[in-house]
Amino acid sequence: MKTKLSLIGVLASLLLGACSKSIVLNDYVIVKPAAATATEAKAASELQKYLFEISGAELPVVSDTAPPTDREILIGITNRLRDDSLARFGEDGFVIHTDGKRLAIYGGPRHGALYGVYTLLEEYFGCRKYTAEPVVVPHTAKLRIGVPLDDEQIPQITSRYTYTMPYDSLYLDWHKLNHELDCRISEFGLFVHTFNTLLPPEKYYAQHPEYYAMVKGRRVATQPCLSNPQVLEIVCDELSRRIAANPEAKYWSVSANDNYGYCTCPECAKIDAEEESPAGSVVRFANKVAVRFPDKTISTLGYLYSRKAPKTKPAPNVNIMFCSIECDRHMPIADDPGSADFRRDMEAWAALTDNIFVWDYCGSFKELQMPTPGFGVMQSNIQYFVRNGVKIFFEQCSGPMGSEFHQLRGYLAAKLLWDPELDFDATMNDFLNGYYGAAGPIIREYIDQTEQRVEEYNAAHGIRPGERKINGLHQTNLGVFRAYLERYLRDEVPVNKGMTLMVRQLQPTETGLPMELYFFTDTVVWVDYERIQSDVFDHVLAVIPEFDLRGFQNPSGSDIEALRYQRPEPDVPAKPDVTEKSSASPE
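Residues numbered from 1 in each chain as written. Predicted model: local features only at pLDDT ≥ 70, side-chain atom pairs only at ≥ 80, totals over all residues. Heavy atoms only, no water.

## Concerning a nonpolar patch on the surface
Short version of the rule: Put simply, a patch holds well-exposed residues, over 30% relative accessible area, that have no salt bridge, with like charges counted together within 9 Å and Val, Leu, Ile, Met, Phe, Trp or Tyr side chains within 5 Å. For accessible areas, the Shrake-Rupley method is used with a probe of radius 1.4 Å. Any residue's cover is judged against the shown protein chains and nothing else. Any Lys or Arg side-chain nitrogen found within 4 Å of a carboxyl oxygen on Asp or Glu counts as a salt bridge. Working definition: helices are DSSP H or I runs of at least four residues, strands are E runs of at least two. Numbering for both runs from the N terminus.
A cluster of nonpolar side chains, namely Met499, Tyr518 and Phe520, defines an oily patch on the protein surface of about 260 Å² accessible area. Assignment of secondary structure puts Met499 in the loop between α15 (477-492) and β20 (502-505).

## Quick look at the environment of Cys127
Heads up, the condition is: The contact definition used throughout considers only heavy atoms, calling two residues in contact when any of these lie within 4.5 Å.
Here Cys127 shows up in the loop between α3 (112-124) and β7 (144-147). For the pair formed by Cys127 and Val137, sequence separation is 10 residues and the distance between their alpha carbons is 4.8 Å. Other than its neighbours up to four places away in sequence, Cys127 contacts Ile54, Leu121, Glu122, Val135, Val136, Val137, Pro138 and Trp174.

## Some details on the side chain of Asn178
Just so we agree on the cut-off: Contacts described as polar in this section are N or O atom pairs within 3.5 Å, which, within protein, must combine one atom able to donate a hydrogen with one able to accept it, while residues neighboring in sequence count only if both atoms come from side chains.
Looking at the element boundaries, Asn178 is found in the loop between α4 (169-174) and β10 (180-181). At a separation of 2.7 Å, a polar atom in the side chain of Asn178 contacts the main-chain amide nitrogen of Arg160. Once you skip the residues sitting within four places of it in the chain, Asn178 turns out to touch Arg110, Thr158, Ser159, Arg160, Tyr161, Leu172 and Glu187.

## Regarding the pattern of salt bridges
In a structure, side chains of opposite charge can pair up when their charged atoms sit close to one another. Heads up, the condition is: Relative accessibility under 20% of the residue-type maximum defines a buried residue, over 50% an exposed one, and the middle range a partly exposed one, all with a 1.4 Å probe and only protein chains included.
Here the structure, examined in full by the defined rule, presents 31 salt bridges. One salt bridge connects Glu152 with Arg88, and the closest N-O pair in it is separated by 2.9 Å. With Glu152 in strand β8 (residues 150-153) and Arg88 in the loop between β4 (72-75) and β5 (94-99), the pair connects residues that are 64 residues apart, well separated along the chain. In this structure Arg88 comes out as partly exposed when scored by relative accessible area, which is 31%. For Asp448, the salt bridge identified is with Arg444, shortest N-O distance 3.0 Å. Residue Asp448 and its partner Arg444 are located together in helix α14 (residues 440-460), separated by 4 residues, close to a single helical turn. A residue is classified by how much of its surface remains accessible, and Asp448, at 38% relative accessible area, is partly exposed. Through salt bridges that share partners, Arg307, Glu326, Asp341, Arg344 and Asp345 make up one connected network.

## Quick look at the pairing of strand β16 (residues 297-302)
What counts, and what does not: In short, DSSP must find at least two bridges between two strands for them to pair.
For β16, the tally of buried residues reaches 6 of 6 residues, placing the bulk of the element in the interior. Judged by which residues are buried, β16 turns out to be covered on both faces: Thr297, Ser299 and Leu301 on one side and Ile298, Thr300 and Gly302 on the other are all buried. In this sheet, β16 lies alongside strand β15 (residues 251-253) in parallel orientation, the contact comprising 3 bridges. For Tyr251, the partnering residue across the bridge sits in β16 and is Thr297.

## Examining the sheet that holds strand β19 (residues 392-396)
How we decide: Axis definition: a line fitted to C-alpha atoms, over the contacting stretch in the case of helices. Angles run 0 to 180 degrees between N-to-C directions.
Strands sit in the order β9-β19-β18-β17-β16-β15-β12 across an open sheet of 7 strands; the sheet is parallel. Two strands lie at the open edges of the sheet, namely β9 (159-163) and β12 (188-190), each paired on one side alone. Sheet twist, expressed as the average angle between the axes of neighbouring strands with direction ignored, equals 25 degrees. Where helix α11 (residues 375-387) meets the sheet, it contacts β18 (356-361) and β19, and its direction lies at approximately 160 degrees from that of β19.

Next comes the structure, spelled out in structure tokens:
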């Protein structure tokens, strides 16, 4: 019975394919508005460029003042458009739509047309942008797409940021991410941990210690004293100066420094007691700043000591940046008993405001280089935040030095921020197979097996992944490399399968960690043996960088010569001695 059903399904698919309609775009023209926006003009140019790379067809780009034809690709809001509900797209939504033989791509004013073009190229013509490396472009003689087509995509998450390495502007646009540079988001005039910027200790602390936090009875330069009226004036004056210099920025962070040393002076303590959270003085202060700048959004932190929501409702133009740094990644936040307090705080903030910016993590922030299982919770965690009304996300998938599988994590995070309901396994496999080629299934098998083994071991021993316990198991990029080499030798090299084959690490030395490939060839002919050995090591050396590893090389004369041309770092001016004070934290 199963065989008969399978044959019927195949036959139905063949009949459907034979009967479906399509249009071929090779002789079309690309039409953009006469007064095209920068986004619309770029969308038309990018479509022309990549359709040429795919097929060799040179589609001209013309203005919508040209006489209409039925063989047009309409980009943006042209005079041919008949759509009375454009507001539904918001800033970035779009539709890819056919009307007879015409194809139209348009949407929200910020990026709609451009995002629609990249979606057409990826989902309908098979292009891929996996990393900052060039776009993967397939080749076909005919630019054929099925009709009718009506693909409308409107994101639930309105602002989408990731931190991964490396990336470029095309990567951000292709994956529908807001632009950011070096972890400083372009829509922000100031971005996170800004109290020392707005109230510099080196400028004020010596003469006015009362501007700063009282911790254990002493004034220390850890955080400001938010109940001091003069602090409000200084912060607003500095903020006003910066806004005047950067009027286009929408968000301005007025937020805590990265420590627990909040003010416990009598007045601040009184406010926080009334609010039942140290976030009380933070939100009251942010609300006062927001009144001064009604056309800007003042962003402050729900993080560390201010994670618990207060009673006071943030002003409409106050944004709460809420961070999940304390959460483990061993199971979904929504189900993890250890995240119960976090869920309580998240849901309490959501009851106060819908202006929440979540800073989430795609792995264990405690151990970026020694990862723990976490791919399985990425989707469910984003879905949890969306259910709580979060529309602004920053997914940190890496650190300054990178992390294991940061390319894969960044790719998955970007896709999930656009569509939290996507097919996660299919998306992951698409990346692995496209980026790693024939090694993709091997790496997926290794990830699945290792994550399962790590989870089973840690669960059996009561170990929560990410806790830095010496008897816990972790997955590493070196382990992935070792597993890949073993499969490569078994599947791609003429080895004697009846004899020992293994890849193992040897004793570490001052020149690195030696890796031994132990196998026997299936031939004893000397010339063939030497050729096989050379081919294996050529391949090994070529793939090392794909696993974020480096082969050791002693420096040569040219390396040393190049040091002459490296500028030394400029001297950093001394700062006030606040190290001891900053280490203080409340009882």
